[in-house]
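So you can see what is in the structure, the chains are spelled out below.
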Number of protein chains: 2
Amino acid sequence: MSEYFDKSLRSCHDCQCMSSLFCLLTNEELQLVDRNKIHVNFRAGETIKKQGTFMSHVLSVNSGLAKLYIEGLEGRSAILRIVKPTSFIGGPGIYFDQRHHYTITALVDSSVCFIDLQVFKELLKSNRSFEDEFLRDFSRDVLTVYNRLIYLTQKQMPGRMADALLYLHDEIFQQLKFPMILSRFDLADLSAMSRESAVKVLRDFQKEGLIRISDHELELTDEDALRKISRIG
Amino acid sequence: MSEYFDKSLRSCHDCQCMSSLFCLLTNEELQLVDRNKIHVNFRAGETIKKQGTFMSHVLSVNSGLAKLYIEGLEGRSAILRIVKPTSFIGGPGIYFDQRHHYTITALVDSSVCFIDLQVFKELLKSNRSFEDEFLRDFSRDVLTVYNRLIYLTQKQMPGRMADALLYLHDEIFQQLKFPMILSRFDLADLSAMSRESAVKVLRDFQKEGLIRISDHELELTDEDALRKISRIG
DNA sequence: ACTTAATATTGATATATGTCAACCAAAAAC
DNA sequence: GTTTTTGGTTGACATATATCAATATTAAGT
C-alpha cells in the first residue's frame, strides 16, 4: 500500500504531527475531528488553498512547509508568513465571511489535514480552553501582520531583507544554516521589493560577509550585523 | 452641573450612542456593563490610550472622532483606521497579552466609555451571539489591515493618497464634502509617505480638479477620477 | 495686538527603488 | 544529449520618493 494512502488512514489519536491546539480536545472531540477530516499530500509548488475560495475546511499542516500569501495588484504577492508543521491555518474568514483570504502553496512536499469548518466551529463553542487557545494563536498572527505592516512601510530594502532572513531563522529553522526553500522571487514577496532588487540586496549581504549561499543552503554568517541592519532600517 | 459630569452619570440603557454590539446584551448584562464602566470626555489632540500600556479596559467611542495608529520606527506612525462614534476598540491584545497595541488620539472632542476587560470577557463567554458579533467585527478589522498592507506596499503615492481620501468618504463621512479633521501629517501617516510628499500629491490633485480644499473642508470634486487613480495604483 | 510655536508649502537636490534588457546557469522536458 | 524553460544575475537607466532648507501661513499663548 502506498505511503500516501497509509497516512490518510491513520487516526488523529496516533498522529504525531497534529497542531498543539488539538491537545486541548477530549478523546470524544478528537474522534469528531477524526471523522470529519480529510488528509491530503501535496508536492512542492502545488497550491493547497486558493485565495477567495469558500472556506469549507480549516487546515492543519502536519509536515512540510508552505508559504501563505495575499495576491495583490498586477500579479504581485505579499507573503504573510511561512507555515511550518504542526501549525494551524484559519484566518479572519472563519468569523467573517467563510472565505480564504490568502493563497497557500507548498514550498516542499507537505501533508495537510482539512477539517470541516462547521465541526471546527462546534468545537470552539463546546470547548472553552480550545477556543481560548485558538483565539490566542489567531491574535498572535494578527500582531505579526501589524508588525509587518510597520516594517514594510518604514524600513528600506536592506532592513526589510534582513528582517526576512531573521524571520526564517527565528521562527522557522532556529539554525544559522538552513535550506533555501524560498526563491529570490519569494524573498522579494516577503520583503516587498522587486525580484531584481532582492537579488542585489542579497549579493551585497554576501559581499559584506553577512550571509553565505551555496547548494540550496543559506547561512547567516554574521547574525549580529543583520540584526543591526534590521534595527537601523 | 457641567455637561461633563452629566454624561458620566447617564446609564447605558438610555445611551443613544453605545456600540451596536451592546444591543445584543440582555438587560442584566447591560447593567453589568453599566456598573463596570467609566465615562471620560477628551479634548481634540488628547491621547485616549497609549500603545504598550496594560489593557485594563476596552473602549467604546460614543461621540467624536479619533485616530488609531501604531507608533513605528523613529517617531513615524501608521494610522490603521479612523474611529467613529458607536464603534468599539479592542484589538488582538484582548486574547493575546492584555496590552494595547496601538495609540488612540482624539481628532475632535470625543466621549469614550472604558469597560472593564474582565467583565467584557465574561460577557463574551456568557453571551454567544454577543461573542459571534464581536469576533465578526474583529475579523473585519483584521481584513482591513490586510488590505492596507497590500495597497501600502504595492501602490505608489497618488494611489495611496486616493485610497486615503476615498476611505474617509466611504467609511467615515459618506459625503463628498467633509471637514478636514486630518492634518497633512496625519494624511501622510495614513498613506505611508513623508509629510512633504503628502502636500505635493494633494496639490497635484487640486491642480487637476480632483479635490478642493477650503476653510477646513475637503471636497472630492471628481470621485470617479480618484477611484481610477486608486485602481491603477 | 504681539509673540511664539506649530503646521503647511515649495523647489532643489539626493537617494532609493523599479524597470529594462541582456545574459547565464540550472533544472526540466523531450 | 539536446532543447526548452525557469530562475538567477548584472549593469544601465528611469523614476519615485525622501530629505533638506527656506519661507509662508495659521493657530496658540500671553
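Residues numbered from 1 in each chain as written. Chains lettered and ligands numbered in written order. Predicted model: local features only at pLDDT ≥ 70, side-chain atom pairs only at ≥ 80, totals over all residues. Heavy atoms only, no water.

S.K.: How should I be thinking about the protein's contact with DNA strand D in this particular structure?
M.R.: If you check the shell around DNA strand D, you find 16 residues, and the closest are R184 and R203 of chain A together with Q156, S197 and H216 of chain B. The sugar-phosphate portion of DNA strand D accounts for 67% of its atoms within 4 Å of the protein, the bases making up the rest. Within the side chain of E196 of chain B, a nitrogen or oxygen atom sits 3.4 Å from a base nitrogen of DNA strand D. For DNA strand D, a base oxygen lies 3.1 Å from a polar atom in the side chain of K200 of chain B. Here the surface near DNA strand D takes four residues from helix α7 (residues 195–207) of chain A, the largest share from any one element. Residue composition of the surface near DNA strand D, grouped by class: four nonpolar, five polar and seven charged. (Near = heavy atom within 4 Å. Polar contact = N/O pair within 3.5 Å; in protein donor to acceptor, adjacent residues only side chain to side chain. Helix = DSSP H or I, 4+ residues; strand = E, 2+ residues; numbered from the N terminus. Nonpolar A, V, L, I, M, F, W, Y, C, P; charged D, E, K, R; others polar.)

S.K.: Before we go on, may I ask you to explain the environment of G72 of chain A in this structure?
M.R.: On the secondary structure map, G72 of chain A appears in the loop between β4 (66–71) and β5 (77–83). With 65 residues separating them along the chain, G72 of chain A and D137 of chain A place their C-alpha atoms 25 Å apart. Not counting the four nearest positions on each side in its chain, G72 of chain A is found in contact with S77 of chain A together with I150 and Q154 of chain B. (Contact = heavy atoms within 4.5 Å.)

S.K.: Explain the packing of helix α3 (residues 117–126) of chain A against helix α4 (residues 128–154) of chain A to me, please; I cannot follow it from the model alone.
M.R.: Geometry of a packed helix pair, given as the angle between the helix axes and the separation of the axes. Residue and element names in this part refer to chain A. Taken N-terminus to C-terminus, the directions of α3 and α4 make an angle of 110 degrees; their axes are 5 Å apart at the nearest point. Considered as vectors, α3 and α4 are oriented roughly perpendicular to each other. Here α3 contributes F120, L123, L124 and S126 to the contact with α4, which in turn contributes R128, F130, E131 and F134. Broken down by class, the residue content of the contact of α3 with α4 amounts to five nonpolar, one polar and two charged. (Axes fitted to C-alpha atoms, helices over the stretch in contact; angles between N-to-C directions. Parallel < 35°, antiparallel > 145°, perpendicular 65-115°, else oblique.)

S.K.: How do you make sense of the packing of aromatic side chains when you look at a structure like this?
M.R.: For any two aromatic rings, the description comes down to two numbers: the centre-to-centre distance and the angle of the planes. This structure, assessed with the given rule, holds 19 aromatic pairs over all chains. Through pairs of rings, three or more aromatic residues link up here, namely F88, Y95, F120, F130, F134 and F138 of chain A together with F88, Y95, F120, F130, F134 and F138 of chain B. (Phe/Tyr/Trp six-rings, centres within 6.5 Å; stacked < 30°, edge-to-face > 60°.)

S.K.: Quick question: what am I supposed to make of the interface of chain A and chain B here?
M.R.: How big an interface is tends to be stated in terms of accessible area lost as the parts join. The interface is formed by 35 residues belonging to chain A together with 35 residues belonging to chain B. With both chains or domains summed, chain A and chain B bury close to 3700 Å², and 69% of this area falls on carbon and sulfur atoms. Counting across the interface, chain A meets chain B through four salt bridges. Residues E131 of chain A and R128 of chain B are paired through a salt bridge, measuring 3.9 Å at the closest nitrogen-oxygen approach. Where chain A touches chain B, the interface holds 10 residue pairs in polar contact (both at pLDDT 80 or more). Counting only elements with at least two residues in the side of chain A that touches chain B, the list comes to β5 and α4 of chain A. Partitioned by chemical class, the residues of the side of chain A that touches chain B number 19 nonpolar, six polar and 10 charged. (Buried area = accessible area lost by both parts, 1.4 Å probe. Salt bridge = Lys/Arg side-chain N within 4 Å of Asp/Glu carboxyl O.)

S.K.: Would you explain the protein's contact with DNA strand C in this entry?
M.R.: Around DNA strand C lies a shell of 16 residues, among which Q156, M157 and S197 of chain A together with R184 and R203 of chain B are the nearest. Each atom of DNA strand C within 4 Å of the protein was assigned to sugar, phosphate or base; sugar and phosphate come to 67%. K200 of chain B has a polar side-chain atom sitting 3.3 Å from a base nitrogen of DNA strand C. Among the secondary structure elements, those contributing two or more residues to the surface near DNA strand C are α5 (157–173) and α7 of chain A together with α6 (184–190) and α7 (195–207) of chain B. Sort the elements by how many residues they give to the surface near DNA strand C and α7 of chain B lands first, with four residues. Classifying every residue of the surface near DNA strand C gives four nonpolar, five polar and seven charged.

S.K.: Could you clarify how one ought to interpret the side chain of Q154 of chain A in this entry?
M.R.: Along the polypeptide, Q154 of chain A turns up in helix α4. Apart from residues no more than four positions distant in its own chain, Q154 of chain A is found in contact with G72, L73, R76, S77 and A78 of chain B.

S.K.: For this particular structure, what's the right way to read the pairing of strand β10 (residues 211–214) of chain A?
M.R.: As a general feature of sheets, a regular strand has side chains that alternate between the two faces. Residues and elements named next belong to chain A. Because side chains alternate across β10, one face comprises the buried residues I211 and I213, and the other comprises R212 and S214, none of which is buried. Across four bridges, the pairing between β10 and strand β11 (residues 217–220) is antiparallel. Bridge pairing in β11 links I211 to L220. Count of turn residues in the β10/β11 antiparallel hairpin: two residues, of which D215 carries a positive phi of about 50 degrees. (Buried < 20%, exposed > 50% of the residue type's maximum accessible area, 1.4 Å probe, protein only. Pairing = 2+ DSSP bridges.)

S.K.: Would you mind going over the environment of G159 of chain A with me for this structure?
M.R.: All names here are of chain A. Relative to the assigned elements, G159 resides in helix α5. Overall, G159 belongs to the buried group, its relative accessible area being 0%. Put simply, G159 and F178 are 19 residues apart on the chain and 20 Å apart in space, counted from C-alpha to C-alpha. Not counting the four nearest positions on each side in its chain, G159 is found in contact with I229, S230 and G233.

Take it as geometry only, folks, not as evidence of what the structure does.
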